[in-house]
Structure formats: C-alpha cells, structure tokens
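What follows is the residue order along each chain.
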Amino acid sequence: MQSDKPALPEVKTMVIITLLSLVIGVYDGFYGPGTGTFLMILLIYVARVGLNEAAGTTKIINLSTNVAALAVFLSHGEVMFPLAVVAAFFGIAGNYIGANFFTNKGKNIARPVIMLVLAIMFVKILLQLAD
C-alpha cells in the first residue's frame, strides 16, 4: 500500500498534513471511528508518505486529537473512569502487540485490513441510516 507517485517536497507535505490533521481532528472530535484508517489512506495517497511513516505519523495525530477530545469530555464530566482505565490498559497492550506485528510483517496485511475496516464501517453507517 504505497502511492505510485514520487514523494512531495517537505514543505508541501507539511502543509498537506497540517490541513488533513485539522479536518480529521474535527471529524475525530465529533464522531471518531475510522480516524486512523482515514489518516493512513490520506497520508499515503494525498501526502505521499511511506507506509511505515504514515503509520507512525497517524499515531501522533490520533493521540493529539484524542487528548483534545478527552479534555472536553473531562470538563463536561462525561468519562466513566473505572471502565476507561481498564480499557486503556488493554488498549495499550493491544496497540503494543499490533505495532510490533506491523513493523515486522505489516506491509503484507495492511491493505486487506484497511479495506476490511472501511467495509465494516460503511455497512455500519448504512445500517444506522436505515434506522
């Protein structure tokens, strides 16, 4: 899963990533599911970033948008702390395992997994619209 086009100049890449981050940040703040997948696709095909760099950059962007959203939800008292702590612990463990797997063998499975996630999200959204 690589763009067939050559890499963009660094300044143009920074401008594109900045704009993508703003748009994705807004989306992540009010809805969120699939943010990482959308970021990966956009970084690879729009900003022409390599797969591994796109994966790492996606994590930083996701972290920052999640911290911002968490601050808003905390200020409104909308966080279930016992559930959040347990889920965060296991989420960290799963992400650690997944990131190690990706950096070792991920290029062969990245595209099918991303396509599967997008298909599931698409079906879920369609089902929600039908209700």
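Keep in mind it's a predicted model, so treat the numbers as computed, not measured.

Caption draft 1: Helix α4 (residues 81–105), seen in detail. Taking 1.5 Å per residue, 25 residues should reach 36 Å; α4 reaches 35 Å between its end C-alpha atoms and fits that length. Counting buried residues in α4 gives 1 out of 25 residues, a small share hidden from the surface.

Caption draft 2: Local environment of the side chain of D28. Looking at the secondary structure, you find D28 in helix α1 (residues 10–30). We note that D28 is buried and unpaired, the nearest opposite charge coming from K59 at a distance of 12 Å. Apart from the residues within four sequence positions on either side, D28 is in contact with T35, N62, T65 and N66.

Caption draft 3: Focus on the packing of aromatic side chains. Following the criterion strictly, the structure yields 4 aromatic pairs and no others. Chaining the aromatic ring pairs together yields one cluster made of Y27, F30, Y31 and F38.

Caption draft 4: Quick peek at the packing of α1 against helix α2 (residues 35–45). Here α1 crosses α2 at 160 degrees, and the two axes come no closer than 11 Å. With respect to α2, the element α1 is oriented roughly antiparallel. The element α1 and its partner α2 pack so that their crossing is right-handed. Residues I17, L20, I24, Y27 and D28 of α1 lie in contact with α2, whose contacting residues are T35, F38, L39, L42 and L43.

Rules behind the numbers
Starting from 1, residues in each chain are numbered consecutively following that chain's sequence as written. Residues qualify for local features only when their pLDDT is at least 70, as the model is predicted, and side-chain atom pairs are given and counted only at 80 or more; totals for whole chains, interfaces and linings, by contrast, use all residues. Note that water and hydrogens are dropped before the side-chain values are worked out from all heavy atoms of the structure. Strands are runs of DSSP state E lasting at least two residues, helices are runs of H or I lasting at least four, and both sets are numbered from the N terminus onward. Helix span is expected to be 1.5 Å times the residue number reduced by one. Exposure is judged per residue with a 1.4 Å probe applied to protein chains only, and the accessible area is read against the type maximum: over 50% gives exposed, under 20% gives buried, and values in between give partly exposed. Charged-residue counts in this description rest on Lys and Arg as positive and Asp and Glu as negative, His and the chain ends being excluded. Salt bridges are defined as contacts in which a side-chain nitrogen from Lys or Arg sits within 4 Å of a carboxyl oxygen from Asp or Glu. Here, two residues are considered to be in contact whenever any of their heavy atoms come within 4.5 Å of each other. For this analysis, a ring pair means two rings from Phe, Tyr or Trp (six-membered ring only for Trp) whose centres lie within 6.5 Å, classed as stacked if their planes differ by under 30 degrees, edge-to-face if by over 60, and tilted for the remaining angles. Comment: axis = line fitted to C-alpha atoms, over the contacting stretch for helices; angle = value between 0 and 180 degrees taken between N-to-C directions. These descriptions rest on fixed angle ranges, namely under 35 degrees for roughly parallel, over 145 for roughly antiparallel, 65 to 115 for roughly perpendicular, and the rest for oblique. By definition, turning the near helix anticlockwise from the far helix through less than a right angle yields a left-handed crossing, and turning it clockwise yields a right-handed one.

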